[in-house]
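# Structural characterization, general
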Amino acid sequence: MNLEWKIKHFEALSAQELYDLLQLRSEVFVVEQNCVYQDIDGKDEKAIHLIGEYNGKIVAYARLFKPAAYFEQASIGRVVVKETYRAKKLGHLLMREAVQVIETHFEATKITISAQLYLKKFYESQGFVQTSEMYLEDDIPHIEMKKG
């Protein structure tokens, strides 16, 4: 499955793209995971937005931060794949693309993430290692993980 990858700063997002990516984040993180939390957190303006489109629709997304913008190291957050596309293993493609964009745009090889605990094996398969005990973020178990 070939995705069209778009890399955009906040100011470059069209109103439709912003609406669509916020809709996808809400669909997964709020509705599917049944978690009421403040998704619009003031950090989107600092991020590079990695958008994976298939047939003109956003099906994969992550926001990327340069070192010191979120964590001391570069970071990846709001990693999301539309539910109907998860069986196609797009999460792996998304993470590989995210790491490559960080290496290219930020010239950084060390990356920190705040990962939902149930996705630990997925992130380990991408080269991340657990670096913290479990903690709750928005009442969901998370761990810090690092790569590089």
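The rules behind the values
- Residues numbered from 1 in each chain as written.
- Predicted model: local features only at pLDDT ≥ 70, side-chain atom pairs only at ≥ 80, totals over all residues.
- Heavy atoms only, no water.
- Helix = DSSP H or I, 4+ residues; strand = E, 2+ residues; numbered from the N terminus.
- Rg over C-alpha atoms; globule rule 2.2 N^0.38 Å.
- Buried < 20%, exposed > 50% of the residue type's maximum accessible area, 1.4 Å probe, protein only.
- pLDDT = per-residue confidence, 0-100.
- Salt bridge = Lys/Arg side-chain N within 4 Å of Asp/Glu carboxyl O.
- Phe/Tyr/Trp six-rings, centres within 6.5 Å; stacked < 30°, edge-to-face > 60°.
- Expected span 1.5 Å × (residues − 1).
- Pairing = 2+ DSSP bridges.
- Right-handed = clockwise from strand over helix to strand, strands pointing away.

## Structural notes on the overall build of the chain
A tally of helices and strands in the chain yields three helices and eight strands. N-terminal to C-terminal, the α/β element order of the chain is β-α-β-β-β-α-β-α-β-β-β. For 148 residues, the compact-globule estimate of 2.2 N^0.38 gives 15 Å, and the chain sits close to it at 14 Å. With respect to the three principal axes, the spread of C-alpha positions in the chain is 40 × 35 × 30 Å. The proportion of buried residues among the 148 residues of the chain is 41%.

## Notes on unusual backbone geometry
Here A68, not a glycine, exhibits a phi torsion of approximately 75°, which is positive. Tracing the backbone through its elements, the reader meets A68 in the loop between strand 3 (57-65) and strand 4 (74-81). Classification of A68 as exposed rests on a relative accessible area of 66%.

## A short note on the confidence of the model for the chain
On average, residues of the chain score 95 in pLDDT, and 100% of them are at 70 or above. Taking the mean pLDDT of every element in the chain, the minimum, 94, falls on strand 7 (residues 135-137) and the maximum, 98, on strand 6 (residues 129-130).

## Re the pattern of salt bridges
Opposite charge on two side chains lets them pair, provided their charged atoms get close. Scanning the model with the defined rule gives twelve salt bridges in all. With a shortest N-O distance of 3.0 Å, E27 and K82 are connected by a salt bridge. Here E27, found in helix 1 (residues 15-32), pairs with K82, found in the loop between strand 4 and helix 2 (90-106); they are 55 residues apart in sequence, far enough to count as distant. Among the residues examined, E27 registers a relative accessible area of 30% and is labelled partly exposed. In this structure, R63 and D44 form a salt bridge, with 3.0 Å as the shortest nitrogen-oxygen distance. Here R63, found in strand 3, pairs with D44, found in the loop between helix 1 and strand 2 (48-54); they are 19 residues apart in sequence, far enough to count as distant. The burial state of R63 is the same as that of D44; both residues are buried.

## With respect to the packing of aromatic side chains
Using the criterion set out here, one finds five aromatic pairs in the structure. Ring geometry for Y54 against Y85: centres 6.0 Å apart, planes inclined by 65°, an arrangement best described as edge-to-face. On the criterion of sequence distance, the pair formed by Y54 in strand 2 and Y85 in the loop between strand 4 and helix 2 is long-range, its members being 31 residues apart. The exposure class assigned to Y54 is partly exposed, which follows from its relative accessible area of 28%.

## Remarks on helix 1
Between its terminal C-alpha atoms helix 1 stretches 24 Å, which fits the 26 Å expected from 18 residues at 1.5 Å a residue. Immediately downstream of helix 1, the backbone of N34 shows phi near 50°, a positive value.

## Things to note about the pairing of strand 4
Among the eight residues that make up strand 4, eight are buried, leaving the element largely enclosed by the rest of the structure. Two elements, strand 3 and strand 4, share five bridges in a ladder whose sense is antiparallel. When the sheet's bridge partners are listed, A60 is paired in strand 4 with V81. Handedness of the crossover joining strand 4 and strand 5 (residues 111-116) through helix 2 is recorded here as right-handed.

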